[in-house]
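Here's the letter readout for the chains.
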Amino acid sequence: MASPERNKKILLEMVKQPSNDHCADCGAPEPDWASYKLGVFVCVNCSGTHRDLPAISRIKSIRLDFWDDSLVEFMKTRGNAAANAFYEKCVPPFYYRPQEKDCVVLKDQWIRAKYERREFTGESSSLQQGYSSGLYEGILWKKGKDNKQFLKRRFLLSETDFTLRYFTKEDSKKPKAVISMKDLNAVFQPEKIGHAHGLQISYLEEERTRNLFVYHDNSQEIVSCFNAIRATRFAYLKKVNPNARDSDLVPLITRSSIKEGYMEKTGPTQWEPFKKRWFILNLTDRKLSYFKSSLDALELGAVFIGTEGHGYSVREGQPKGSRSGRWRFGVTLETPDRQFVFLCDQEQDQREWIEAFKLVISEPMLPQHYNTEANMRRMKK
């Protein structure tokens, strides 16, 4: 007869072992659940997708559920390291491996790709054709530039010339835009876009950031599109950096912002009326971009943020005598060219923005950052 307490103790000891102490799928610490068909320990969030795959995975709580001796013995023979060595054997370097804080669609499709479709076991290379062939073509819903309406648009991604094109008509041969992989970025933004599969594609147009907001109703399709973009961008980076290691290029494929949100902004004299703007702070290019709203296509302006040694700093509050706005939690950003004053709606937002600015300022500048700073200064003249 199984001993519940003994088996629970064994499982709790197993989950402390290296590799088992983090979720097998998203890396979240201290997983409390396990798949007794796959032999992996997972977090509560990833366990939800496992439950949707009853033919592939069966889930139990390692603390609350009853475990038969045979299931515990099976878990002893498996574990996260052994399972991932098989199910992640052939993950392409460009393929995005979701982390704990990533959106649901990324984690859901990663789990399905690993265990249900077995895309990374090496059993069949055709399973990765949707994002590894060097060519992607599909129909996505795209937000209009000047309105909130989403319309169907045909997208064509090519590794041959490292471009992403989109067309206003499905049978059109003339693209509305031809986007180079040089400065392209893609990141999932479901809350901002208002769709669980919402993807934001950003690129530079005449040195200003332009955004495309798209989605597809099929979760596998939108994640394949995202990874096809990453594959093409990775191929571009390898071409322009032939001697670089893959491990150095992978973090550059796509980049997430370290902070986004609304703040109020005034002008250079600090007596202009404060205006509410959507701000995006990126560590990769050290830019604070701002837009009229969160779903605006075109950047209104940007501020480069260097290091303290180059004259950049941030502090709480706003200068004495400066104009007040509707919001009252101030942030003052000092740059060599001017002083920027922002106002936040909540004190928590103020703290988060200050910490985000401090993070960028504390990071050393790389050679490409000096070029970015010079280009932005030249544009303002």
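These numbers were taken from a predicted model, which means no experiment stands behind them. (Residues numbered from 1 in each chain as written. Predicted model: local features only at pLDDT ≥ 70, side-chain atom pairs only at ≥ 80, totals over all residues. Heavy atoms only, no water.)

**Topic: the side chain of Arg 286**
Piece 1. Along the polypeptide, Arg 286 turns up in the loop between β12 (275–282) and β13 (287–291).
Piece 2. No salt bridge is formed by the buried Arg 286; its nearest oppositely charged neighbour, Glu 363, is found at 6.2 Å.
Piece 3. Engagement of the side chain of Arg 286 in a polar contact is seen with the backbone oxygen of Ile 305, the distance being 2.8 Å.
Piece 4. Within the local environment of Arg 286, its side chain forms a polar contact with the backbone oxygen of Glu 363, the two atoms lying 2.8 Å apart.
Piece 5. Once residues within four sequence positions are removed from consideration, Arg 286 is found in contact with Val 303, Phe 304, Ile 305, Gly 306, Thr 307, Val 360, Ile 361, Glu 363, Pro 364, Met 365 and His 369. (Helix = DSSP H or I, 4+ residues; strand = E, 2+ residues; numbered from the N terminus. Buried < 20%, exposed > 50% of the residue type's maximum accessible area, 1.4 Å probe, protein only. Lys, Arg positive; Asp, Glu negative; His and termini not counted. Salt bridge = Lys/Arg side-chain N within 4 Å of Asp/Glu carboxyl O. Polar contact = N/O pair within 3.5 Å; in protein donor to acceptor, adjacent residues only side chain to side chain. Contact = heavy atoms within 4.5 Å.)

**Some remarks on the pairing of strand β4 (residues 135–143)**
Consecutive side chains of a regular strand alternate in pointing toward one face of the sheet and then the other.
Piece 1. Bridging between β4 and strand β5 (residues 150–158) involves nine bridges; their strand directions are antiparallel. The residue of β5 that forms the bridge with Trp 141 is Lys 152.
Piece 2. Taking the residues that link successive antiparallel strands as the turn, the β4-β5 hairpin has six residues.
Piece 3. Two elements, β4 and strand β10 (residues 208–215), share two bridges in a ladder whose sense is antiparallel. In the strand pairing of β10, Trp 141 is matched with Tyr 215. (Pairing = 2+ DSSP bridges.)

**Let's talk about the environment of Phe 213**
Piece 1. Relative to the helices and strands, Phe 213 is located in strand β10.
Piece 2. Along the primary structure Phe 213 and Thr 335 are separated by 122 residues, whereas in three dimensions their C-alpha atoms are 32 Å apart.
Piece 3. Other than its neighbours up to four places away in sequence, Phe 213 contacts Trp 141, Lys 142, Lys 143, Phe 150, Lys 192, Ile 193, Leu 199, Gln 200, Ser 294, Leu 295 and Asp 296.

**Things to note about the sheet that holds strand β6 (residues 163–167)**
Piece 1. What the seven strands build is an open sheet, ordered β7-β6-β5-β4-β10-β9-β8; its pairing is antiparallel. If you trace the sheet from one side to the other, it starts and ends with β7 (177–180) and β8 (185–188), each paired once. Here the average twist between neighbouring strands, direction ignored, is 35°.
Piece 2. Looking at chain direction, β8 and strand β9 (residues 199–205) are connected through four bridges and run antiparallel. Bridge assignment links Asn 185 to a residue of β9, and that residue is Ser 202.
Piece 3. Each of β4, β5, β8, β9 and β10 touches helix α8 (residues 219–240); the most contacted strand, β8, lies at about 150° to it. (Axes fitted to C-alpha atoms, helices over the stretch in contact; angles between N-to-C directions.)

**Side note on the side chain of Asn 185**
Piece 1. Structurally, Asn 185 is set in strand β8.
Piece 2. Exposure remark for Asn 185: the relative accessible area of 11% places this residue in the buried category.
Piece 3. Within the structure, Asn 185 has its side chain in polar contact with the backbone nitrogen of Arg 255 (distance 2.7 Å).
Piece 4. Each residue touching Asn 185, except ones within four places of it in the same chain, is listed here: Gln 200, Ile 201, Ser 202, Ile 253, Thr 254 and Arg 255.

**Some details on the UniProt feature "domain: PH" (unreviewed entry) in the protein**
Piece 1. Residues annotated in UniProt with the feature "domain: PH" (unreviewed entry) correspond here to residues 256–362.
Piece 2. Within the segment residues 256–362, helix and strand shares are 15% and 37% respectively, and the terminal C-alpha atoms sit 18 Å apart. (UniProt positions renumbered as here; feature names shortened; annotations may be inferred.)

**Some points on the nonpolar core**
Piece 1. In terms of nonpolar packing, the biggest core is built from 41 residues, with Tyr 95, Leu 164, Phe 188, Leu 199 and Ile 201 touching the most fellow members.
Piece 2. Core analysis: the second largest hydrophobic core is formed by 25 residues, Tyr 312, Trp 353, Ile 361 and Met 365 among them. (Core = buried A, V, L, I, M, F, W, Y, C linked by side-chain atoms within 4.5 Å.)

**A short note on unusual backbone geometry**
Piece 1. One non-glycine residue, Ser 19, lies in the positive phi region at around 80°.
Piece 2. For Ser 19, the position within the fold is in the loop between α1 (4–14) and β1 (33–35).
Piece 3. Judged by its relative accessible area of 33%, Ser 19 falls in the partly exposed class.
Piece 4. At Arg 118, a position not held by glycine, the phi torsion is positive, near 50°.
Piece 5. Tracing the backbone shows Arg 118 in the loop between α5 (104–116) and α6 (129–132).

**Notes on the packing of α1 against helix α3 (residues 69–77)**
Piece 1. Relative to each other, α1 and α3 sit at 15°, their axes nearing to 10 Å. When the interaxial angle is binned, α1 and α3 end up roughly parallel. With respect to the hand of their crossing, α1 and α3 are arranged in left-handed fashion. Side by side, α1 and α3 meet where Arg 6, Asn 7, Ile 10, Leu 11 and Met 14 of the first sit next to Asp 69, Val 72, Met 75 and Lys 76 of the second.
Piece 2. Taken together, the residues that form the contact of α1 with α3 break down as five nonpolar, one polar and three charged. (Parallel < 35°, antiparallel > 145°, perpendicular 65-115°, else oblique. Left-handed = near helix turned anticlockwise from the far one by under 90°. Nonpolar A, V, L, I, M, F, W, Y, C, P; charged D, E, K, R; others polar.)

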